[in-house]
Amino acid sequence: MAEPYLRMENIRKSFPGVQALKGITFDANQGEILALIGANGAGKSTLMNVLGGNVIPDEGKIVIGGCEVKINSPLDAAKNGVAFVHQEMAMLPTMSIVDTMFISTFPTNTSVIDYKTANERCGAVLKRLGCNFDPGTKIRNISPGSQQMVEIGRALLSDPKIIIFDEPTSSLTSREKEHLFEIINSLKQDGAVIIYISHMLDEVFQLCDRAMVLRNGETVGGGMIKDLTYDDIVKLMIGSKQIDSYFEYKQRPVGDPVLTVKKMCRKGVLDNISFTLCKGEVVGLWGLLGSGRTEVARALAGLDSIDSGEIQVCTNGHLHPVKQSEMKNSVGMVTENRREEGLLLPMSVKHNMSLANLWKLTRGFLPFIQSKLEQEQTQKYVDRLEIKVANHNQRVETLSGGNQQKVIIGRWLQKNPLIYIMDEPTRGLDVGAKADIRKIIAELAESGAAILVISSEIDEMMSVSDRYLVMNRGRIVAELSRDATKEKLMAAAAGAQ
Ligand SMILES: Nc1ncnc2c1ncn2[C@@H]1O[C@H](COP(=O)(O)OP(=O)(O)OP(=O)(O)O)[C@@H](O)[C@H]1O
Ligand SMILES: [Mg+2]
């Protein structure tokens, strides 16, 4: 058999308080899609950051095409044919697509940027990705899915031999996802080495040839996908730890309304939105990407203004109209966009968790936080959500993607608001943590919270909800009971009458 094209050997990396990679060795072949799987914080992104030149390992060897290479920067990685599609996109909304794609590699013509060539190459890559944008379009004017396509386009520009995809599908529509899979398969046909990180095991079974599973910085197993089952992979991921991924929906008594929205409008985005949320109720807001679900959430959390309509919230047993600016007093919003709206990345885990709860933690004497109380509260939710942290003062930006998401959830659990809005609450979480969040949602409802859940994973949304609201083009087009079928929800979301 031919030599593997890529070999990473005995890769070790420690960060303060955690040994993220404990001597990992693996091979990857040309024309193969290798799935890299593991629980949140297992070390997947760190391992790939070593290959991509973003993290310098303490020890280890990288061999590409039979030669040992030193990768000390992303530029070194690019020179060795490695491209990286990152888990979290870092893009400036005001930049154009072409500037974003070429930010570090602009073609020059006697030291002047050659925009003609750049635009042509950018246009060609966009076309290959099935996007019809002008290269001059600003990032802020395209959807999150299209932004992800730009990130993928950036990786493909250099004609890489090894391409790393770190959870590339979380902001894609199902059509965009299918298209991405076609592209990945064509890269495979062309003989590229593809490394694919995902928590969506169905994607892994659909797309990948082989899997390697990491646990706590070590390789614990893997094999050809055709020889593995879903259960095999989950067992390898979590080891001897027992997860109870079984979630059983139980009907709860539903109380009085705690939130009513009447004819809420925002020009071009929300059209006459009216609905009610009751105490102890979980309502799933379903719709295709771009249908306006996130916009409803943002308006209710007071993040976007509305042009007309009324929002009423229950205080002292009665519904009262509230201004949007006051919504933050009663609403906890777990956001889908943790980088922009959720977290203060350079700040500690502890402070990020306290952020929504300062009034309680200062016992009203702002700005003096009762640090013992803060410690206790942080520990409680670090334990409850099994957040993998070295200590409470660790900067949030150094947590793994899934653990950052858990910090946002922990923040709102600590505050314990009347109304929760959860927009993609399990994005980036591993299978065990996803199951746990479903249980938490049920517990919150049991204790009397009203919860609006948005999720692009329809099964997840359906499993926890008491009823569903379906959106299409900024309007609520159907209200369905829990026993509605998936097909019915899909049809309503697609605009069927
Ligand atoms: N710059 C850093 N400083 C300190 N610790 C870090 C840093 N980068 C990663 N870590 C730690 O290394 C461990 C592995 O993180 P990594 O991001 O590789 O996990 P992951 O497998 O990609 O998880 P996820 O599925 O949640 O994205 C985590 O405990 C994380 O907190
Ligand atoms: Mg990661």
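As the structure is a prediction and not an experimental result, all values here were calculated from the model.

Each value, and the rule that gives it
Residues numbered from 1 in each chain as written. Chains lettered and ligands numbered in written order. Predicted model: local features only at pLDDT ≥ 70, side-chain atom pairs only at ≥ 80, totals over all residues. Heavy atoms only, no water. Helix = DSSP H or I, 4+ residues; strand = E, 2+ residues; numbered from the N terminus. Rg over C-alpha atoms; globule rule 2.2 N^0.38 Å. Contact = heavy atoms within 4.5 Å. Areas by Shrake-Rupley, 256 points an atom, 1.4 Å probe, with all protein chains shown as cover. 1 Å grid on protein atoms, 1.4 Å probe; cavity = no way out; pocket = protein on both sides within 12 Å on 5 of 7 lines; lining within 4 Å. Points joined across faces, edges and corners; volume = space filled by probe spheres on them. Nonpolar A, V, L, I, M, F, W, Y, C, P; charged D, E, K, R; others polar. Near = heavy atom within 4 Å. Polar contact = N/O pair within 3.5 Å; in protein donor to acceptor, adjacent residues only side chain to side chain. Domains from an automatic or database assignment. Disulfide = S-S within 2.5 Å. Buried < 20%, exposed > 50% of the residue type's maximum accessible area, 1.4 Å probe, protein only. Pairing = 2+ DSSP bridges. Axes fitted to C-alpha atoms, helices over the stretch in contact; angles between N-to-C directions. Core = buried A, V, L, I, M, F, W, Y, C linked by side-chain atoms within 4.5 Å.

A. Representation of the overall build of the chain. Within the chain, the regular secondary structure consists of 17 helices and 22 strands. Compactness check: the chain gives a C-alpha radius of gyration of 24 Å against a globular reference of 23 Å for 497 residues, within 12% of the reference. Excluding contacts between residues fewer than 6 apart, the proportion of contacts in the chain whose partners are at least 24 apart in sequence is 66%. Total accessible area on the chain is roughly 22800 Å²; 50% of this is exposed by carbon and sulfur atoms.

B. Local environment of empty space enclosed by the protein. Overall, the coordinates contain three cavities of 30 Å³ or more when judged by the stated rule. Considering only enclosed or pocket space, the largest cavity measures out at about 70 Å³ in volume. Residue lining of the largest cavity: Glu167, Pro168, Thr169, Ser170, Ser198, His199, Met200, Glu203, Gly428, Leu429 and Lys434, and that is the complete set. When its residues are assigned to classes, the lining of the largest cavity shows three nonpolar, five polar and three charged.

C. Structural context of the site of ligand 1. Close to ligand 1 lie 19 residues, the nearest being Lys44, Thr46, His199, Ser400 and Gly402. Between ligand 1 and Lys44, the relevant distance is 2.7 Å, taken from an oxygen atom to a side-chain nitrogen or oxygen of the residue. A distance of 2.8 Å separates an oxygen atom of ligand 1 from a polar atom in the side chain of Ser45. Its free accessible area being 640 Å², ligand 1 has 88% of it covered by the protein chains. Of all the elements in the fold, those that place two or more residues in the shell around ligand 1 are strand S2 (18–28), helix H1 (44–51) and helix H14 (401–415). Examining the composition of the shell around ligand 1, we find that three residues originate from one element, H1, more than from any other. Of the residues that constitute the shell around ligand 1, the class distribution is six nonpolar, 12 polar and one charged. A domain split of the shell around ligand 1 shows at least three residues from each of domain 1 (6–238) and domain 2 (257–493).

D. Just the state of the cysteines, in detail. This model, assessed by the stated rule, comprises zero disulfides. Cys278 takes part in no disulfide bond, and the closest cysteine sulfur to it belongs to Cys314, at a distance of 10 Å.

E. Structural context of the environment of Gln30. Structurally, Gln30 is set in the loop between S2 and strand S3 (32–38). Accessibility expressed as a relative area gives 44% for Gln30, which makes it partly exposed. Taking the C-alpha atoms as reference points, Gln30 and Ala90, separated by 60 residues in sequence, lie 29 Å from one another. For Gln30, the residues in contact, after removing those within four places along its chain, are Tyr5, Gly191, Ala192 and Val193.

F. Region of the structure containing the side chain of Thr378. With respect to the helices and strands, the residue Thr378 is situated in helix H13 (residues 371–384). Non-local contacts of Thr378, meaning those with residues more than four positions away in its chain, are made with Val349, Lys350, Met353, His392 and Gln414.

G. Representation of the sheet that holds strand S20 (residues 450–454). Across the sheet, six strands lie side by side as S18-S19-S20-S15-S21-S22; this open sheet has mixed pairing. The sheet is open, and its two edges are formed by strand S18 (331–334) and strand S22 (475–481), each paired on a single side. Between one strand and the next, the sheet's axes are offset by a mean angle of 20 degrees, whatever the strand orientation. Pairing of strand S15 (residues 282–286) with S20, which is carried by four bridges, proceeds in the parallel orientation. From the neighbouring strand, Leu285 faces S20, where its bridge partner is Ile454. Its contacts with the sheet put helix H9 (residues 293–300) on S15, S18, strand S19 (419–423), S20 and strand S21 (467–472), and the angle it makes with S20 is roughly 145 degrees. Across the sheet, H14 touches S18 and S19, and the angle it forms with S18 is around 170 degrees.

H. Spotlight on the nonpolar core. Residues Ile37, Met101 and Phe165 are the most contacted members of the largest nonpolar core, which totals 48 residues. Sequence-distant contacts of Ile37, defined by excluding residues within four places in its chain, comprise Lys44, Leu201, Val204, Ala211, Met212, Val213, Leu214, Ile233 and Met237. Of all hydrophobic cores here, the second largest spans 33 residues; its members include Tyr381, Ala442, Leu444 and Val464.

I. Representation of the sheet that holds strand S16 (residues 308–315). On the basis of which strands lie adjacent, the open sheet formed by four strands has the order S14-S13-S16-S17 and antiparallel pairing. Looking along the sheet, the strands with just one partner apiece sit at the ends: strand S14 (270–278) and strand S17 (318–321). In this sheet, adjacent strand axes meet at a mean angle of 15 degrees when their direction is disregarded. Across the sheet, H9 lies against strand S13 (257–266), S14 and S16, angled at about 65 degrees from S14, the strand it touches most.

By themselves, these observations are geometric and do not establish any function.
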